[in-house]
Amino acid sequence: MAGRNRTPERVKLRIRKGDTVQVIAGKDKSKVGEVLSTDPRANRVVVKGINLRTRHVKPQQEGESGRIVSEEASLHASNVMLYSTARKVASRVEILVDEDGSKKRRLKKTGELLD
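Residues numbered from 1 in each chain as written. Predicted model: local features only at pLDDT ≥ 70, side-chain atom pairs only at ≥ 80, totals over all residues. Heavy atoms only, no water.

You'll find the protein chain entered in an unreviewed UniProt entry as Large ribosomal subunit protein uL24, with Aphanocapsa feldmannii 277cV given as the organism. The record in UniProt for the protein chain states the following under Sequence similarities (unreviewed entry): "Belongs to the universal ribosomal protein uL24 family." Turning to the protein chain, the UniProt annotation filed under Subunit (unreviewed entry) states: "Part of the 50S ribosomal subunit." (UniProt positions renumbered as here; feature names shortened; annotations may be inferred.)

As structure tokens, this is what we get:
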């Protein structure tokens, strides 16, 4: 367990950058998108087009006008599930270890190999 003034310990995520995921909880529930980035220390992921936040940006130079920027905020990794685009179904992930020690991820519902 991490102490008060220490950074949290790294969590092993089964979701990686580029994976297609479905949101299973929150205001964007049942939406599907691609993972843009992961943060294993905070156990969070950023998904394209999901959990959008609006920021008001002040003008930086003389004569420039301010603007409103919409950007994705992170989601907790427990609120997303890997999604099979072929079968259109979300599934949990299992890790398969070959005889040579290499690891592969597979969707439990469909049996589809991810890598």
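**Q** Help me out: how do you make sense of the overall build of the protein chain in this one?
**A** Broken down by element type, the protein chain carries zero helices and ten strands. Each helix and strand of the protein chain, ordered N terminal to C terminal, gives the series β-β-β-β-β-β-β-β-β-β. In terms of C-alpha radius of gyration, the protein chain reaches 18 Å, well past the compact-globule figure of 13 Å for 115 residues. Overall, the C-alpha framework of the protein chain stretches about 65 × 40 × 25 Å when taken along its three principal axes. Residues classed as buried in the protein chain amount to 25% of the 115 residues present. For the protein chain, contacts bridging at least 24 residues in sequence account for 39% of all contacts bridging at least 6. When the accessible surface of the protein chain is totalled, it reaches about 8400 Å², and 46% of it is carbon and sulfur. For the protein chain, the separation between the mean place of its 26 positive charges and that of its 15 negative charges on side chains is 5 Å. (Helix = DSSP H or I, 4+ residues; strand = E, 2+ residues; numbered from the N terminus. Rg over C-alpha atoms; globule rule 2.2 N^0.38 Å. Buried < 20%, exposed > 50% of the residue type's maximum accessible area, 1.4 Å probe, protein only. Contact = heavy atoms within 4.5 Å. Areas by Shrake-Rupley, 256 points an atom, 1.4 Å probe, with all protein chains shown as cover. Lys, Arg positive; Asp, Glu negative; His and termini not counted. Charge placed at Lys NZ, Arg CZ, Asp CG, Glu CD.)

**Q** Whenever I open this one, the nonpolar core confuses me. Can you help?
**A** The nonpolar side chains of soluble globular proteins are, as a tendency, buried together. Core analysis: the largest hydrophobic core is formed by twelve residues, namely Ile15, Val21, Val23, Val35, Val45, Val47, Ile50, Leu75, Val80, Leu82, Val93 and Leu107. Listed by contribution, the elements that provide at least two residues to this core are β1 (20-23), β3 (44-47) and β7 (80-84). Discounting residues that sit within four places of it in the chain, Val93 has contacts with Arg14, Leu82, Arg105, Arg106, Leu107 and Lys108. (Core = buried A, V, L, I, M, F, W, Y, C linked by side-chain atoms within 4.5 Å.)

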